[in-house]
Amino acid sequence: MSVHQQLQTALLELEATMKAANLWRMPTPEVSAFDSQQPFCIDTMSLPQWIRFVFIARLNALIDAQAAMPAKCDVAPAVAAYLMQEKVRASDQLLVVRAVERIDQLVSDN
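Nothing here was measured: the structure is a model prediction, and the numbers come from that model.

A. Layout of the pattern of salt bridges. Summed over all chains, the structure comprises three salt bridges. Note that Glu15 and Lys19 form a salt bridge whose closest N and O atoms lie 2.8 Å from each other. Taken together, the residues Glu15 and Lys19, both in helix 1 (residues 3-20) and four residues apart, mark about one turn of the helix. The class for Glu15 is partly exposed, based on a relative accessible area of 21%.

So, in structure tokens, the structure goes:
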């Protein structure tokens with residue numbers, strides 16, 4: 001299985017995990033929110049919005065183009081901190097963070 005196929009599977013797992021944790025349903029951000037210059041668009045989106053509408057979308061575009069992976073991906077620590085701050089159920093925190101860690105590893109190792 002190619003790294004692009006593995007990444008596609010990992011992204012689908014992240015989506016399913018976020019849905020199970022009730023972190024998927026949200027409004028689409030305003031178009032201007034995507035112009036943020038801050039990490040994770042923290043000034044214009046919630047972290048789950050960024051994951052859904054930026055992170056997953058950009059990685060899917062990379063898969064579609066069969067493009068090279070970025071040099072490094074290290075999103076899991078921010079996700080872990082956000083979920084803890086928001087007091088998301090511990091089991092959901094663990095599953096979502098593990099899903100993001102898998103994506104981080106796939107991208108960084110390739």
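Resuming the write-up.
B. Highlighting the packing of helix 2 (residues 47-65) against helix 3 (residues 76-85). At their nearest, the axes of helix 2 and helix 3 sit 10 Å apart, and the two run at 140° to each other. The pairing of helix 2 with helix 3 is recorded here as oblique in orientation. Only Ala78, Val79 and Tyr82 of helix 3 make contact with helix 2, whose side of the interface consists of Leu47, Pro48 and Ile51.

C. Seen up close, empty space enclosed by the protein. Taken as a whole and assessed by the stated rule, the structure comprises one cavity of 30 Å³ or more. There is about 40 Å³ of room inside the largest cavity. Around the largest cavity sit Met18, Leu23, Leu47, Pro48, Ile51, Val79, Tyr82, Leu83 and Val96, which together line it. Every element with two or more residues in the lining of the largest cavity is listed here: helix 2 and helix 3. Counted by class, the lining of the largest cavity contains nine nonpolar, no polar and no charged residues.

D. Quick look at helix 2. Here helix 2 spans 25 Å end to end across 19 residues, near enough to the 27 Å set by a 1.5 Å rise per residue. At Ala57, helix 2 is deflected by roughly 25°, the largest bend along its length. Contacts from the buried residues of helix 2 go to helix 1, helix 3 and helix 4 (90-109). Backbone geometry just downstream of helix 2 places Gln66 in the positive-phi region, at approximately 55°.

Reading guide: rules and limits
Residues numbered from 1 in each chain as written. Predicted model: local features only at pLDDT ≥ 70, side-chain atom pairs only at ≥ 80, totals over all residues. Heavy atoms only, no water. Salt bridge = Lys/Arg side-chain N within 4 Å of Asp/Glu carboxyl O. Helix = DSSP H or I, 4+ residues; strand = E, 2+ residues; numbered from the N terminus. Buried < 20%, exposed > 50% of the residue type's maximum accessible area, 1.4 Å probe, protein only. Axes fitted to C-alpha atoms, helices over the stretch in contact; angles between N-to-C directions. Parallel < 35°, antiparallel > 145°, perpendicular 65-115°, else oblique. Contact = heavy atoms within 4.5 Å. 1 Å grid on protein atoms, 1.4 Å probe; cavity = no way out; pocket = protein on both sides within 12 Å on 5 of 7 lines; lining within 4 Å. Points joined across faces, edges and corners; volume = space filled by probe spheres on them. Nonpolar A, V, L, I, M, F, W, Y, C, P; charged D, E, K, R; others polar. Expected span 1.5 Å × (residues − 1). Bend = angle between axes of the 7 residues up to and from the residue.

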